[in-house]
Amino acid sequence: MTAALSELVQSAAPRFRTATEFVEATLREAILSGAIAPGTPLRQEELAATFKVSRMPIREALRQLEAQALVDFEPHRGAVVVQITLLDAMDNYAIRAALEPQALRHSIPHLSETDFDLAEELLAEIDQETDPGRMGELNRRFHMTLYAQAGLPRLIALTEQHLATADRHLRFHLAAVGDMGQDEHRELLSACRDRDVERAVATLSRHHNRAREAMSAYFASRDGGKA
Ligand code: NI
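If you're wondering where the values come from, they're calculated on a predicted model, not measured in any experiment.

**Section: the coordination of the nickel ion**
Taken together, the protein donors to the nickel ion comprise Asn139 (OD1), His143 (NE2), His185 (NE2) and His207 (NE2), at separations of 2.1 to 2.4 Å. Between consecutive donors of the nickel ion, the numbers of intervening residues give the motif N-x3-H-x41-H-x21-H. Taken together, the residues span a long stretch of sequence, with asparagine 139 in helix α7 (residues 132–147) and histidine 185 in helix α9 (residues 182–193) at a distance of 46 residues. No difference in accessibility class separates asparagine 139 from histidine 185, as the two residues are buried.

**Quick notes on the side chain of histidine 143**
By the element assignment, histidine 143 lies in helix α7. Within the structure, histidine 143 has its side chain in polar contact with the side chain of histidine 207 (distance 3.3 Å).

**Points about the domain arrangement of the chain**
Annotation of the chain at the domain level lists domain 1 (3–81) and domain 2 (86–223). Averaged C-alpha coordinates put domain 1 and domain 2 at centres separated by 29 Å.

**Comments concerning unusual backbone geometry**
Residue histidine 76 is not a glycine yet carries a positive backbone phi of 70 degrees. Note on placement: histidine 76 falls in the loop between β1 (71–74) and β2 (78–81). A positive phi angle is found at arginine 195, which is not glycine, with a value near 55 degrees. The residue arginine 195 is located in the loop between α9 and α10 (197–223) in this model. Take arginine 195: its relative accessible area is 38%, and that puts it in the partly exposed class.

**Brief notes about the packing of aromatic side chains**
For the structure on display, the rule yields 1 aromatic pair. A centroid spacing of 5.2 Å and a plane angle of 80 degrees characterise the contact between phenylalanine 22 and phenylalanine 51, whose relative ring orientation is edge-to-face. Here the residue phenylalanine 22 occupies a position in helix α2 (residues 19–33), and phenylalanine 51 occupies one in helix α3 (residues 44–51), the gap between them amounting to 29 residues. Note on phenylalanine 51: relative accessible area 3%, which makes it buried.

**Structural notes on the nonpolar core**
Grouped burial of nonpolar side chains is what soluble globular proteins tend to show. Core analysis: the biggest nonpolar cluster contains 30 residues, and Leu104, Phe142, Leu146, Tyr147, Leu188 and Cys192 have the highest contact counts within it. When contributions to this core are tallied by element, the ones reaching two or more residues are α5 (86–107), α6 (113–128), α7, α8 (153–177), α9 and α10. Of all the elements, α7 adds the most residues to this core, at 6 residues. Not counting residues up to four positions away in its chain, the partners in contact with phenylalanine 142 are Ala119, Leu122, Leu123, His185, Leu188 and Leu189. Phe22, Val23, Leu27 and Leu62 belong to the second-largest nonpolar core, a separate cluster that totals 25 residues.

**Thoughts on the pairing of β1**
Note that β1 and β2 share 4 bridges and pair antiparallel. In the sheet register, phenylalanine 73 faces β2, and the bridge partner there is alanine 79. Remark: 3 residues form the turn of the hairpin made by β1 and β2, two consecutive strands paired antiparallel; histidine 76 in that turn has positive phi of roughly 70 degrees.

What counts, and where the lines are drawn
Residues numbered from 1 in each chain as written. Predicted model: local features only at pLDDT ≥ 70, side-chain atom pairs only at ≥ 80, totals over all residues. Heavy atoms only, no water. Donors = N, O, S within 2.8 Å, 3.2 Å for Na, K, Ca; no water. Helix = DSSP H or I, 4+ residues; strand = E, 2+ residues; numbered from the N terminus. Buried < 20%, exposed > 50% of the residue type's maximum accessible area, 1.4 Å probe, protein only. Polar contact = N/O pair within 3.5 Å; in protein donor to acceptor, adjacent residues only side chain to side chain. Domains from an automatic or database assignment. Phe/Tyr/Trp six-rings, centres within 6.5 Å; stacked < 30°, edge-to-face > 60°. Core = buried A, V, L, I, M, F, W, Y, C linked by side-chain atoms within 4.5 Å. Contact = heavy atoms within 4.5 Å. Pairing = 2+ DSSP bridges.

Here it is in structure tokens:
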């Protein structure tokens, strides 16, 4: 493992209640900061030695990181830090920027008070949430609630698929920017309530562009911007 990880382990240890929590949080920080490079195999024995814990909390922490899409389990290799490149992120934003405004345009006229209330509740939940995995899921549900009444099932399925892919990047985005664009979410919801399609689409584009620029700045500062 890297020297950077050993350093994080030294400085992090007293903050955690359980060994699993300690391993999970420290590895997550190391992955999001780039201290452990994408593609690095995470060997359980080696990690147990670095963290000075048994294999059990290591295995559990790796499963939690897998659920957060930060670690993949590959056949014959075991746990590996996910590969997320600037190119992946830019590709995903380009697809979302093409699909989501279309879904929104078709959906707005058919959104009901129930949809608006649900979207409002999801925003309140995002405000309270600190876990990046949960925040990604709530963000996706908020957006999909506003697109769901488009009446175009294949467009909606594609949109949801690419929003789910974006969850992987969102965690990196949150590490870099630290916010979910809640001001833009609120403005988007308000435009939808007013059935103001142009304002809603413009707000959504601003939301996408700001996130895209933040991601690109993050990758540039993290690893010299190489895709
Ligand atoms: Ni969003």
